[in-house]
Amino acid sequence: MNKMRNIFAFCLGCLALFVGCAGFTEDVNGDVADDNPVDVRQIESQYALARVAQSGKVERSAAGDSITIVLEINGGCVKEGESFAYDENFYFADSLTFAYSFRGDTLLLSKIREPDPYEADQERYEESFIFVGGTAGKLDGIWKNTQCRYREEKMGCMSDGYDQFLKFYGDKVEYRFADREDYDYMQTVFVDQLFDFLGNGGSIQLETPYYYSDTKFGQESSGISILEKTNTTVKFTHADLTFELSVDYAHYKDSLHVTLKSGDVSCVGTVRDMDDVLPGMCSDDNADYLWKSSSGAYTYERMNSSEFETCIDGILGRKREL
(Lines give C-alpha, C1' and ligand atoms only; values in the text may rest on other atoms or scores of the structure.)
Protein backbone atom coordinates (compact mmCIF):
# COMPACT_ATOMS: atom_id res chain seq x y z
CA MET A 1 0.00 0.00 0.00
CA ASN A 2 2.92 2.36 0.59
CA LYS A 3 3.83 2.03 -3.08
CA MET A 4 0.31 3.00 -4.13
CA ARG A 5 0.35 5.96 -1.75
CA ASN A 6 3.64 7.16 -3.24
CA ILE A 7 2.25 6.93 -6.76
CA PHE A 8 -0.85 8.92 -5.90
CA ALA A 9 0.62 11.19 -3.23
CA PHE A 10 -1.30 14.39 -3.05
CA CYS A 11 1.35 17.10 -2.92
CA LEU A 12 2.34 19.03 -6.03
CA GLY A 13 4.42 16.16 -7.29
CA CYS A 14 0.99 15.14 -8.46
CA LEU A 15 0.52 18.27 -10.39
CA ALA A 16 1.94 15.28 -11.84
CA LEU A 17 -1.66 14.40 -11.03
CA PHE A 18 -2.02 16.12 -14.37
CA VAL A 19 0.13 13.35 -15.73
CA GLY A 20 -2.76 11.02 -15.02
CA CYS A 21 -2.38 7.49 -13.79
CA ALA A 22 -4.80 5.50 -15.94
CA GLY A 23 -7.26 5.68 -18.77
CA PHE A 24 -5.06 7.58 -21.22
CA THR A 25 -6.26 7.12 -24.80
CA GLU A 26 -3.90 8.38 -27.48
CA ASP A 27 -4.52 9.83 -30.92
CA VAL A 28 -7.77 11.65 -30.19
CA ASN A 29 -8.61 13.75 -33.21
CA GLY A 30 -9.57 17.40 -33.14
CA ASP A 31 -9.27 20.14 -30.55
CA VAL A 32 -10.78 19.97 -27.08
CA ALA A 33 -12.41 23.39 -27.23
CA ASP A 34 -13.78 22.80 -30.73
CA ASP A 35 -15.28 19.41 -29.89
CA ASN A 36 -16.71 20.53 -26.52
CA PRO A 37 -17.77 24.20 -26.40
CA VAL A 38 -16.69 25.71 -23.10
CA ASP A 39 -19.38 26.88 -20.66
CA VAL A 40 -17.42 29.38 -18.57
CA ARG A 41 -20.24 29.96 -16.09
CA GLN A 42 -20.57 26.22 -15.51
CA ILE A 43 -16.84 25.93 -14.83
CA GLU A 44 -17.01 28.84 -12.40
CA SER A 45 -19.94 27.14 -10.61
CA GLN A 46 -18.08 23.83 -10.46
CA TYR A 47 -15.04 25.60 -9.05
CA ALA A 48 -17.11 27.33 -6.36
CA LEU A 49 -18.40 23.94 -5.16
CA ALA A 50 -15.06 22.14 -5.45
CA ARG A 51 -12.94 21.30 -2.43
CA VAL A 52 -9.80 23.34 -1.82
CA ALA A 53 -6.80 21.02 -1.96
CA GLN A 54 -3.86 23.39 -1.68
CA SER A 55 -2.98 27.01 -2.29
CA GLY A 56 0.25 28.88 -2.74
CA LYS A 57 1.96 31.27 -5.07
CA VAL A 58 2.83 31.50 -8.74
CA GLU A 59 6.07 32.99 -9.98
CA ARG A 60 6.03 34.32 -13.55
CA SER A 61 9.12 34.55 -15.69
CA ALA A 62 10.26 37.95 -16.91
CA ALA A 63 9.75 36.79 -20.50
CA GLY A 64 6.15 35.85 -19.74
CA ASP A 65 6.47 32.35 -21.15
CA SER A 66 6.82 30.18 -18.04
CA ILE A 67 5.48 29.93 -14.50
CA THR A 68 6.55 28.16 -11.34
CA ILE A 69 3.62 26.93 -9.26
CA VAL A 70 4.41 26.65 -5.55
CA LEU A 71 1.78 24.85 -3.46
CA GLU A 72 2.13 25.09 0.30
CA ILE A 73 1.15 23.08 3.36
CA ASN A 74 0.66 25.03 6.58
CA GLY A 75 0.26 22.87 9.68
CA GLY A 76 0.38 19.10 9.75
CA CYS A 77 0.50 15.85 11.66
CA VAL A 78 4.10 14.97 12.57
CA LYS A 79 5.88 12.38 14.67
CA GLU A 80 7.89 13.62 17.61
CA GLY A 81 10.01 10.76 18.91
CA GLU A 82 7.61 7.82 19.11
CA SER A 83 4.41 9.86 19.39
CA PHE A 84 2.22 11.76 16.94
CA ALA A 85 1.31 15.40 17.46
CA TYR A 86 -0.23 18.16 15.37
CA ASP A 87 2.24 20.95 14.61
CA GLU A 88 0.61 24.25 13.68
CA ASN A 89 4.01 25.59 12.57
CA PHE A 90 4.71 22.78 10.13
CA TYR A 91 5.41 24.15 6.65
CA PHE A 92 6.18 22.51 3.33
CA ALA A 93 6.26 23.88 -0.20
CA ASP A 94 6.57 21.95 -3.44
CA SER A 95 7.08 23.54 -6.83
CA LEU A 96 6.92 22.69 -10.49
CA THR A 97 7.79 24.86 -13.47
CA PHE A 98 5.78 24.87 -16.70
CA ALA A 99 6.09 26.69 -19.97
CA TYR A 100 2.69 28.18 -20.74
CA SER A 101 0.98 29.25 -23.92
CA PHE A 102 -2.47 29.72 -25.36
CA ARG A 103 -4.07 27.88 -28.26
CA GLY A 104 -7.35 29.62 -28.98
CA ASP A 105 -9.37 29.52 -25.77
CA THR A 106 -7.23 26.85 -24.15
CA LEU A 107 -4.30 27.23 -21.77
CA LEU A 108 -1.40 24.82 -22.24
CA LEU A 109 0.94 24.05 -19.36
CA SER A 110 3.94 22.24 -20.81
CA LYS A 111 7.04 20.51 -19.55
CA ILE A 112 9.66 18.07 -20.74
CA ARG A 113 9.15 14.54 -19.45
CA GLU A 114 12.32 12.63 -18.73
CA PRO A 115 12.53 8.89 -19.50
CA ASP A 116 11.43 6.51 -16.77
CA PRO A 117 14.65 4.84 -15.56
CA TYR A 118 12.71 1.61 -15.01
CA GLU A 119 11.31 1.49 -18.55
CA ALA A 120 13.34 0.54 -21.62
CA ASP A 121 13.42 2.40 -24.95
CA GLN A 122 12.00 5.68 -23.67
CA GLU A 123 12.99 9.13 -24.87
CA ARG A 124 12.45 12.66 -23.57
CA TYR A 125 9.25 14.22 -24.83
CA GLU A 126 7.21 17.37 -24.37
CA GLU A 127 3.83 17.05 -22.69
CA SER A 128 1.21 19.81 -22.57
CA PHE A 129 -1.80 19.70 -20.26
CA ILE A 130 -4.93 21.35 -21.65
CA PHE A 131 -7.05 23.72 -19.55
CA VAL A 132 -10.22 25.64 -20.42
CA GLY A 133 -12.46 28.23 -18.78
CA GLY A 134 -10.28 31.31 -18.52
CA THR A 135 -9.69 34.17 -20.93
CA ALA A 136 -7.56 33.60 -24.01
CA GLY A 137 -4.15 35.22 -23.61
CA LYS A 138 -4.66 35.94 -19.91
CA LEU A 139 -3.29 33.64 -17.21
CA ASP A 140 -5.40 35.07 -14.37
CA GLY A 141 -8.71 33.29 -13.99
CA ILE A 142 -10.24 29.87 -13.28
CA TRP A 143 -8.95 27.03 -15.43
CA LYS A 144 -10.32 23.47 -15.55
CA ASN A 145 -8.13 20.52 -16.47
CA THR A 146 -9.77 18.88 -19.49
CA GLN A 147 -8.11 15.52 -18.73
CA CYS A 148 -6.59 15.79 -22.20
CA ARG A 149 -3.01 16.54 -23.13
CA TYR A 150 -0.62 16.70 -26.04
CA ARG A 151 2.40 14.45 -26.23
CA GLU A 152 4.60 15.72 -29.03
CA GLU A 153 1.45 17.21 -30.64
CA LYS A 154 -0.55 13.95 -30.41
CA MET A 155 -3.59 14.54 -28.24
CA GLY A 156 -4.86 11.91 -25.79
CA CYS A 157 -7.47 11.96 -23.05
CA MET A 158 -8.12 10.29 -19.71
CA SER A 159 -11.34 9.54 -17.90
CA ASP A 160 -10.67 10.02 -14.21
CA GLY A 161 -13.33 10.28 -11.51
CA TYR A 162 -12.59 13.85 -10.44
CA ASP A 163 -12.09 17.25 -12.04
CA GLN A 164 -9.17 19.54 -11.23
CA PHE A 165 -9.12 23.32 -11.21
CA LEU A 166 -6.42 25.97 -10.97
CA LYS A 167 -7.17 29.59 -10.15
CA PHE A 168 -4.46 32.12 -10.89
CA TYR A 169 -4.80 35.62 -9.45
CA GLY A 170 -1.78 37.88 -9.37
CA ASP A 171 1.01 36.05 -7.58
CA LYS A 172 -1.36 33.52 -5.96
CA VAL A 173 -2.69 30.14 -7.08
CA GLU A 174 -5.32 27.78 -5.70
CA TYR A 175 -5.80 24.12 -6.59
CA ARG A 176 -9.23 22.47 -6.16
CA PHE A 177 -10.87 19.18 -7.17
CA ALA A 178 -14.42 17.85 -7.37
CA ASP A 179 -16.05 14.48 -7.96
CA ARG A 180 -17.54 14.04 -11.41
CA GLU A 181 -21.30 13.47 -11.29
CA ASP A 182 -21.34 11.47 -14.51
CA TYR A 183 -18.37 9.24 -13.69
CA ASP A 184 -18.76 5.53 -14.46
CA TYR A 185 -17.65 3.82 -11.26
CA MET A 186 -18.36 0.45 -12.83
CA GLN A 187 -15.61 0.89 -15.42
CA THR A 188 -12.66 1.31 -13.06
CA VAL A 189 -9.43 -0.31 -11.97
CA PHE A 190 -11.22 -1.46 -8.80
CA VAL A 191 -13.97 -3.32 -10.65
CA ASP A 192 -11.34 -4.89 -12.87
CA GLN A 193 -9.53 -6.08 -9.72
CA LEU A 194 -12.78 -7.34 -8.20
CA PHE A 195 -13.67 -9.42 -11.25
CA ASP A 196 -10.16 -10.83 -11.37
CA PHE A 197 -10.32 -11.62 -7.63
CA LEU A 198 -13.57 -13.55 -8.09
CA GLY A 199 -12.02 -15.71 -10.77
CA ASN A 200 -8.38 -15.95 -9.78
CA GLY A 201 -7.94 -14.78 -6.19
CA GLY A 202 -5.18 -12.31 -5.44
CA SER A 203 -6.00 -9.00 -3.80
CA ILE A 204 -8.29 -5.98 -4.09
CA GLN A 205 -7.13 -2.42 -3.45
CA LEU A 206 -9.85 -0.05 -2.35
CA GLU A 207 -9.85 3.78 -2.63
CA THR A 208 -7.49 5.17 -5.25
CA PRO A 209 -8.13 2.63 -8.06
CA TYR A 210 -11.82 3.52 -7.86
CA TYR A 211 -11.13 6.88 -9.48
CA TYR A 212 -9.33 5.72 -12.61
CA SER A 213 -10.96 4.08 -15.62
CA ASP A 214 -9.72 0.76 -16.92
CA THR A 215 -10.37 -2.02 -19.42
CA LYS A 216 -12.61 -5.08 -19.07
CA PHE A 217 -9.71 -7.50 -18.67
CA GLY A 218 -10.98 -8.86 -15.33
CA GLN A 219 -14.42 -9.51 -16.77
CA GLU A 220 -13.09 -11.32 -19.82
CA SER A 221 -10.65 -13.51 -17.90
CA SER A 222 -12.95 -14.45 -15.01
CA GLY A 223 -16.15 -15.64 -16.63
CA ILE A 224 -18.23 -12.60 -15.66
CA SER A 225 -21.55 -12.02 -17.43
CA ILE A 226 -23.08 -8.55 -17.00
CA LEU A 227 -26.87 -8.55 -16.52
CA GLU A 228 -27.61 -4.90 -15.69
CA LYS A 229 -25.46 -1.82 -15.27
CA THR A 230 -25.61 1.87 -14.35
CA ASN A 231 -22.72 4.19 -13.56
CA THR A 232 -22.91 3.27 -9.84
CA THR A 233 -24.28 -0.31 -9.88
CA VAL A 234 -23.74 -3.55 -11.76
CA LYS A 235 -25.55 -6.90 -11.58
CA PHE A 236 -23.61 -9.87 -12.91
CA THR A 237 -23.15 -13.63 -12.69
CA HIS A 238 -20.05 -15.63 -11.87
CA ALA A 239 -19.71 -19.37 -11.10
CA ASP A 240 -23.51 -19.85 -11.08
CA LEU A 241 -23.89 -17.07 -8.51
CA THR A 242 -25.57 -13.70 -8.99
CA PHE A 243 -23.86 -10.61 -7.56
CA GLU A 244 -24.91 -6.97 -7.17
CA LEU A 245 -22.21 -4.34 -6.71
CA SER A 246 -23.08 -0.77 -5.71
CA VAL A 247 -21.14 2.38 -4.89
CA ASP A 248 -23.08 3.79 -1.95
CA TYR A 249 -20.93 6.91 -1.84
CA ALA A 250 -17.54 7.90 -3.17
CA HIS A 251 -15.67 11.14 -2.54
CA TYR A 252 -12.13 11.40 -3.86
CA LYS A 253 -9.49 11.89 -1.13
CA ASP A 254 -12.19 11.59 1.52
CA SER A 255 -14.31 8.44 1.80
CA LEU A 256 -15.66 5.42 -0.03
CA HIS A 257 -18.41 2.89 0.75
CA VAL A 258 -19.21 -0.04 -1.56
CA THR A 259 -21.43 -3.11 -1.16
CA LEU A 260 -21.21 -6.46 -2.94
CA LYS A 261 -24.24 -8.68 -2.38
CA SER A 262 -24.95 -12.29 -3.29
CA GLY A 263 -27.99 -14.00 -1.85
CA ASP A 264 -28.32 -13.05 1.81
CA VAL A 265 -24.66 -12.05 2.20
CA SER A 266 -23.45 -8.47 1.88
CA CYS A 267 -19.74 -7.60 1.79
CA VAL A 268 -18.98 -3.97 2.60
CA GLY A 269 -15.80 -2.15 1.62
CA THR A 270 -14.95 1.16 3.29
CA VAL A 271 -12.21 3.77 3.10
CA ARG A 272 -11.53 6.93 5.10
CA ASP A 273 -8.81 9.05 3.58
CA MET A 274 -7.40 12.44 4.66
CA ASP A 275 -4.36 14.30 3.39
CA ASP A 276 -4.89 17.13 5.84
CA VAL A 277 -5.12 15.23 9.12
CA LEU A 278 -7.23 17.02 11.71
CA PRO A 279 -5.58 17.65 15.10
CA GLY A 280 -7.96 15.22 16.81
CA MET A 281 -6.98 12.44 14.38
CA CYS A 282 -3.23 13.00 14.84
CA SER A 283 -2.73 10.67 17.80
CA ASP A 284 -1.03 7.43 18.78
CA ASP A 285 -4.46 5.74 18.75
CA ASN A 286 -4.40 6.10 14.95
CA ALA A 287 -0.77 5.05 14.47
CA ASP A 288 -1.77 2.10 12.24
CA TYR A 289 -3.50 4.46 9.80
CA LEU A 290 -1.02 7.33 9.62
CA TRP A 291 1.36 7.33 6.66
CA LYS A 292 4.32 9.60 6.14
CA SER A 293 4.03 11.61 2.92
CA SER A 294 6.75 13.17 0.80
CA SER A 295 6.20 16.46 2.63
CA GLY A 296 7.22 14.90 5.95
CA ALA A 297 3.73 15.26 7.41
CA TYR A 298 1.47 12.26 7.94
CA THR A 299 -1.72 11.48 6.05
CA TYR A 300 -4.56 9.24 7.28
CA GLU A 301 -5.90 6.23 5.43
CA ARG A 302 -8.00 3.42 6.85
CA MET A 303 -9.61 0.71 4.75
CA ASN A 304 -10.91 -2.82 5.22
CA SER A 305 -9.64 -4.53 2.07
CA SER A 306 -8.72 -7.74 3.90
CA GLU A 307 -12.15 -8.08 5.52
CA PHE A 308 -13.81 -7.33 2.20
CA GLU A 309 -11.78 -10.06 0.46
CA THR A 310 -12.49 -12.58 3.24
CA CYS A 311 -16.22 -11.93 2.97
CA ILE A 312 -16.13 -12.53 -0.80
CA ASP A 313 -14.15 -15.73 -0.29
CA GLY A 314 -16.90 -16.86 2.09
CA ILE A 315 -19.53 -16.39 -0.62
CA LEU A 316 -17.43 -18.46 -3.00
CA GLY A 317 -16.72 -21.13 -0.38
CA ARG A 318 -13.04 -20.40 -0.81
CA LYS A 319 -10.50 -20.45 2.04
CA ARG A 320 -7.99 -17.62 2.40
CA GLU A 321 -4.35 -18.56 1.98
CA LEU A 322 -2.25 -16.90 4.65
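Residues numbered from 1 in each chain as written. Predicted model: local features only at pLDDT ≥ 70, side-chain atom pairs only at ≥ 80, totals over all residues. Heavy atoms only, no water.

Any chance you could break down the overall build of the protein for me, citing the residues and the numbers?
Within the protein one finds six helices and 16 strands. Split into buried and exposed, the 322 residues of the protein put 46% on the buried side. Carbon together with sulfur atoms contributes 45% to the accessible area of the protein, which is approximately 16300 Å² in total. (Helix = DSSP H or I, 4+ residues; strand = E, 2+ residues; numbered from the N terminus. Buried < 20%, exposed > 50% of the residue type's maximum accessible area, 1.4 Å probe, protein only. Areas by Shrake-Rupley, 256 points an atom, 1.4 Å probe, with all protein chains shown as cover.)

Go over the state of the cysteines, please, and point to the residues and values.
Applying the stated criterion to the full structure yields three disulfides. Note that Cys-267 is cross-linked by a disulfide to Cys-311, the S-S spacing being 2.1 Å. Where Cys-267 bonds to Cys-311 through sulfur, the torsion about that S-S bond is close to -80°, and the disulfide is left-handed. Of this pair, Cys-267 sits in strand S14 (residues 265-274) while Cys-311 sits in helix H6 (residues 305-316); the two residues are 44 residues apart in sequence, bridging distant segments of the chain. Here the protein pairs its bonded cysteines, counted in sequence order, in the arrangement 1-5, 2-3, 4-6. (Disulfide = S-S within 2.5 Å.)

Please set out the packing of aromatic side chains residue by residue, giving values where relevant.
Counted by the stated rule, this structure contains 17 aromatic pairs. Plain terms: the ring middles of Phe-84 and Tyr-298 are 5.0 Å apart, the flat faces sit at 85° to each other, and that makes the pair edge-to-face. You can see Phe-84 sitting in strand S3 (residues 83-103) and its partner Tyr-298 sitting in strand S16 (residues 298-303), a full 214 residues away along the chain. Judged by its relative accessible area of 10%, Phe-84 is buried. Aromatic ring contacts, followed pair by pair, group Tyr-162, Phe-177, Tyr-183, Tyr-185, Phe-190, Tyr-210, Tyr-211, Tyr-212, Tyr-252 and Phe-308 into a single cluster. (Phe/Tyr/Trp six-rings, centres within 6.5 Å; stacked < 30°, edge-to-face > 60°.)

Which residues make up the pairing of strand S11 (residues 233-238), and what values do they have?
Side-chain alternation along S11 places Val-234, Phe-236 and His-238 on a buried face and Thr-233, Lys-235 and Thr-237 on a face that remains uncovered. Examined bridge by bridge, strand S10 (residues 225-229) and S11 share four bridges and lie antiparallel to one another. The residue of S11 that forms the bridge with Lys-229 is Val-234. From the end of S10 to the start of S11, which pair antiparallel, there are three residues. Relative to strand S12 (residues 241-251), S11 runs antiparallel, the two being bridged by six bridges. Counterpart to Thr-237 in the pairing with S12 is Thr-242. (Pairing = 2+ DSSP bridges.)

Lay out the confidence of the model for the protein in plain terms, naming residues and giving numbers.
Summing up the model confidence of the protein, the mean pLDDT is 86 and the portion of residues at 70 or higher is 85%. When pLDDT is averaged over each helix and strand of the protein, the minimum, 32, is found for helix H1 (residues 2-7) and the maximum, 97, for strand S13 (residues 255-262). Between residues 1-14, whose pLDDT stays under 50, and residues either more than four places distant or in other chains, the model counts 34 contacts. For the stretch residues 19-24, pLDDT sits under 50, and the model shows 23 contacts to residues farther than four places along the chain or on other chains. (pLDDT = per-residue confidence, 0-100. Contact = heavy atoms within 4.5 Å.)

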